Amino acid sequence: MNAPRTPLLRVENLSIPLPTGLDREFAVENISYDLHAGEILCIVGESGSGKSMTANAIMGLLPDYLNPSGGKILFRGKDLLTMRESDLEQERGRSMAMVFQEPLSALNPLMKVRDQIAEVMEVHGERNAETRDRRVLDLLEYVGLPDPANLRDAYPFRLSGGQRQRVMIAMALALEPALLIADEPTTALDVTTQAQILDLIRRIQKAKGMGVMFVTHDFGVVADIADRVVVMERGIVVEQGLAEDVLNRPKHPYTRRLIAAVPHREAHDAKAAAEGDLILDVRNLRKTYRSGGGFFSRPRVVNAVNDISFTLRRGETLGVVGESGSGKSTLGRCLLKLTEVDGGQVLFRGSDVVPLSAGAFRPLRRHMQMVFQDPFASLNPRQTVGRILTDGPVANGVSYADAEIKARELLALVGLETSAFDRYPQEFSGGQRQRVGIARALALDPELLVADESVSALDVSVQAQVLELLQDLQRKLNIAIIFITHDLRIAAQICDRIAVMYRGEIVESGPPEQVFDAPQHAYTQRLIAAIPGLHWNPRLAVL
Amino acid sequence: MPALLTLCRQGKILKTLDFLFQRFVKAILVVLGVVILNFVLIHMAPGDPASVLAGEAGAGDAKFIAQLRAQFGLDQPLYWQLWTYLKGVLTGDLGYSYRNQVPVMTLILDRLPATLLLTGCAFVFSLVLGILLGVIAAYRRGSIADSVVMTSALVFYATPLFWIALMSVLVFSLHLDWLPPFDMESIGANYTGWARVADIAHHLVLPTVTLGLFFTAVYTRLTRASMLEVMALDFVKTARAKGVPKAQIIRRHVLRNAILPVFTFASMQAGQLVGGAVLTETVFAWPGIGRLMFDALLQRDYPVLLGVFLVTAAVVVLVNLITDLLYRFVDPRIEAAS
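Residues numbered from 1 in each chain as written. Chains lettered and ligands numbered in written order. Predicted model: local features only at pLDDT ≥ 70, side-chain atom pairs only at ≥ 80, totals over all residues. Heavy atoms only, no water.

1. Quick word on the overall build of chain B
1) Next: Counting its secondary structure elements, chain B contains 14 helices and zero strands.
2) Next: For chain B, the α and β elements follow one another from N to C terminus as α-α-α-α-α-α-α-α-α-α-α-α-α-α.
3) Next: Judged by the C-alpha coordinates and their principal axes, chain B covers about 85 × 60 × 40 Å.
4) Next: Put simply, chain B has 338 residues, and 41% of those count as buried.
5) Next: The contacts in chain B between residues at least 6 apart in sequence include a share of 74% that link residues at least 24 apart.
6) Next: Total accessible area on chain B stands at roughly 17,800 Å², and carbon and sulfur atoms take up 70% of it.
7) Next: Charge-centre separation for chain B: the mean point of 26 positive side chains lies 16 Å from the mean point of 20 negative side chains. (Helix = DSSP H or I, 4+ residues; strand = E, 2+ residues; numbered from the N terminus. Buried < 20%, exposed > 50% of the residue type's maximum accessible area, 1.4 Å probe, protein only. Contact = heavy atoms within 4.5 Å. Areas by Shrake-Rupley, 256 points an atom, 1.4 Å probe, with all protein chains shown as cover. Lys, Arg positive; Asp, Glu negative; His and termini not counted. Charge placed at Lys NZ, Arg CZ, Asp CG, Glu CD.)

Here it is, written out as structure tokens:
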């Protein structure tokens, strides 16, 4: 261990300049690190830290307008940056391979899985179609895909996100590369799928002795798989070392800040909330989606929300937790009557809103507001923030002058400059826009706020700030919040009660302590076991 | 047999049947709508076939005109005329040409092959050349080749069809004497067999290129844009990461995906191609239904006009139906979505 080894990959003083006119001069500046065979190196950082840029530079996949201006990337001693494109093509796919973030778009939609995997072998000289075919079958089996013999003839759209990512991994492993670069490979996946993929990568890495460079933004994932860690901030490596050291004894203030922002279950007092007035009483709510069907074939029916009941009190936060397709977003939309409901009752302040017509419901809308997931798509880019904040109140009969005063107060309340009033959404960062989104929801003095994945598009430090803001606002305004999320850590951190959804049903609910410490339902148990970094306490690291 | 069973189990056959059934019903409704709309529009237009015929016969008196009107059923109420016409259409009877004294169906069937030949050739010519040029422009984006291709495409896109037709006759027929300027076959030559095929092909060149250039320009631009869009997608990066050489990436990954919107557009334009044929056929004296329509229009020959409209509408609908079916083979996602 102590003898100096030649690293598999050595990045040496690498700098990649950005085109002029951007917020900084370099995408990455003077970064250096080593990756040895048989280890997993995690590159961790927030968006814009340059972590993906480095990965792409190693593979020679940078866009044309980005060219490294200095440094070396030594792969088994050879500098990849000075290699001819045709030589680099020989290395790519054979001795180094890459898995990308979006399994939905990373596979060619018009090519069968079999052909996409076989292509790697074909372009690297395996001429025998039968050999390729046999290897494809082995690979699919190896990455744990069900029924490989049939699955290889499927087109990617037939596969789930996790299955596609397994196909990507099979493709990367086809020629047993020495180096595997995984660029946020589990970010787009559900938590239980993420756990399986992480497990797979770790298993393969051990079996093949590969060097794995794993790019991620999630310290929980780092805690689960990293041997060593490189922390990047705005194009600079701020800290690197053994995972154990960086995770538990972070030195650089930025690392400490990041780790402090990792969502984690916190003890809190749910009693106060339990004493508020009942504001929402949902009874046997049902919503069914039908698709397809015609003269000769039957339609497909999905019970998105199946017989759901719960109550919510003023000042209380209910976390609705589930994976994609569990029906959690549909539930939120049903409560606000953004979609038709097929059965059941939604008693808001004691009266059922389900039978109300759109016109009869409109006066109630202002009391129930939504904060959406995507801070970029949910604000109209052609309207100023002022217009966005005043439209609702003005439509509800408030005078513009009053609405404007209120809007400026709200901006201050959510931690933005009041001058933001006259600016457009695109002038703000993601976190700031989400603050605008929250201010917009609050402009109508709602009593109920439905936050649908409202922080999942944000970087972890921004996420922490927005969560804090929501909790702070709840204390001040005594509103009830339904917090829909896929991230159990966040739910555990801010919710008074948690409802776990699975296939349209609430399979378990209760206070976080109960759900986390004594989960009753098998699905909840699986979900909790899959939380990344479960055995690592970020709070202790930054005490 | 096992394959068929699997298909049945997956409901694929039923789904396709459903699809065909729905599209067929829609297609019939569309054609019916076109017939009714044209019928009403034509009868709203000023002018009357009876008076045109009477005028040409040199007898303008009211009694003769009334007699003609009664003979052709023009004295009946409009809804009754429509009903009679629709009944005829259902039995394959498109009426009788006042002017040519022949059943409309005979006239159209006589002319249709020439038009289908011309538009078919122009369609294939423009699609193949357009896609080829578009691929080159996208592959060599920013190069001189790209600029030349895109500038020429713009020129042909902006130039009126009839002008290109006249100029090409001037250059290639009159000055260079390479190609025949009009008609489909050499008059009086009476070629048979392959000699006849060669003769027709020789006559086809000018009208095909003229009619096709505009659409070539459209497909070139569309293909280039679509290619560039696909080249920016993630799976292209995946292919690069696999070590696939650039030319193969373009062929295997980019083109196949980029060509889908081009096909959609091409099927929509098939109808316009028939419309464009009216001009081309007139300029090149091509004996197709485009010219038949043009003459019928001048002569107020309602049954012929209606017949031509009906047939062109049916061709357009048919082309669209075929495209939709083809799409299900080219793009496996379509079937799942429907």
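2. Points about the pairing of strand E4 (residues 70–75) of chain A
All names here are of chain A.
1) Next: Sheet analysis places strand E1 (residues 9–17) next to E4, joined by five bridges and oriented antiparallel. Each bridged residue has a counterpart across the sheet, and for valine 11 the counterpart in E4 is isoleucine 73.
2) Next: Both E4 and strand E5 (residues 78–79) contribute to a ladder of two bridges, which runs antiparallel. Opposite phenylalanine 75, over in E5, you have lysine 78 as the bridge partner.
3) Next: What sits between E4 and E5 in their antiparallel hairpin is a turn of two residues, with arginine 76 showing a positive phi close to 50 degrees. (Pairing = 2+ DSSP bridges.)

3. So, the interface of chain A and chain B
1) Next: Counting from both sides, the interface comprises 34 residues of chain A and, opposite them, 27 residues of chain B.
2) Next: Here chain A and chain B share an interface that buries about 2,800 Å² over both sides, 58% of which is from carbon and sulfur atoms.
3) Next: Summed over the shared surface of chain A and chain B, the result is three salt bridges.
4) Next: Glu119(A) is the salt-bridge partner of Lys242(B), the closest N and O atoms lying 2.9 Å from each other.
5) Next: Here chain A and chain B share 17 residue pairs in polar contact (both at pLDDT 80 or more) between them.
6) Next: Within the residue set of the side of chain A that touches chain B, elements represented by two or more residues are helix H1 (51–59), strand E6 (96–99), helix H3 (113–123) and helix H6 (161–173) of chain A.
7) Next: Sorting elements by how many residues they give to the side of chain A that touches chain B places H3(A) first, with five residues.
8) Next: Of the residues belonging to the side of chain A that touches chain B, the class tally is 18 nonpolar, ten polar and six charged. (Buried area = accessible area lost by both parts, 1.4 Å probe. Salt bridge = Lys/Arg side-chain N within 4 Å of Asp/Glu carboxyl O. Polar contact = N/O pair within 3.5 Å; in protein donor to acceptor, adjacent residues only side chain to side chain. Nonpolar A, V, L, I, M, F, W, Y, C, P; charged D, E, K, R; others polar.)

4. Some words on helix H17 (residues 460–477) of chain A
Residue and element names in this part refer to chain A.
1) Next: When the terminal C-alpha atoms of H17 are compared, their 25 Å separation across 18 residues agrees well with the 26 Å that a helix rising 1.5 Å per residue should span.
2) Next: All of the buried residues along H17 are Val460, Gln463, Val466, Leu467, Leu469, Leu470, Leu473 and Gln474.
3) Next: In the segment just after H17, asparagine 478 is the residue with positive phi, at about 55 degrees. (Expected span 1.5 Å × (residues − 1).)

5. Focus: the domain arrangement of chain A
Residue and element names in this part refer to chain A.
1) Next: Partitioning chain A into structural domains gives domain 1 (1–95 + 180–261), domain 2 (104–174) and domain 3 (374–444).
2) Next: With centres defined by C-alpha atoms, the gap from domain 1 to domain 2 works out at 25 Å.
3) Next: With 18 residues of domain 1 in contact, the opposing surface of domain 2 contributes eleven residues.
4) Next: Between domain 1 and domain 2, roughly 1,200 Å² of surface is buried when both sides are summed, and carbon and sulfur atoms account for 64% of that area.
5) Next: Considering only the surface of domain 1 that becomes buried against domain 2, Ile197, Leu200 and Ile204 emerge as the three largest contributors, covering 31% of it.
6) Next: Between domain 1 and domain 2 we count four residue pairs in polar contact (both at pLDDT 80 or more) in total. (Domains from an automatic or database assignment.)

6. Quick look at the packing of aromatic side chains
How two aromatic rings sit relative to each other is set out by the distance from centre to centre and by the angle between their planes.
1) Next: Taken as a whole and judged by the stated rule, the model has six aromatic pairs over all chains.
2) Next: Aromatic ring contacts, followed pair by pair, group Tyr157(B), Phe214(B) and Phe215(B) into a single cluster.
3) Next: The ring of Tyr142(A) has Arg203(A) lying over it, and the distance from NZ or CZ to the ring centre is 5.5 Å. (Phe/Tyr/Trp six-rings, centres within 6.5 Å; stacked < 30°, edge-to-face > 60°. Lys NZ or Arg CZ within 6 Å of the ring centre and 35° of its normal.)

7. Points about helix H9 (residues 193–231) of chain B
1) Next: Counted at 1.5 Å a residue, the expected span for H9(B) with its 39 residues is 57 Å, but the 48 Å between its end C-alpha atoms falls short.
2) Next: Bending of H9(B) peaks at approximately 40 degrees at the position of Leu213(B). (Bend = angle between axes of the 7 residues up to and from the residue.)

8. Quick look at the UniProt feature "domain: ABC transporter" (unreviewed entry) in chain A
1) Next: Under the UniProt annotation, the feature "domain: ABC transporter" (unreviewed entry) is placed at residues 9–259 and 280–528 of chain A.
2) Next: Here residues 9–259 of chain A runs as 38% helix and 24% strand, with 27 Å between its end C-alpha atoms. (UniProt positions renumbered as here; feature names shortened; annotations may be inferred.)

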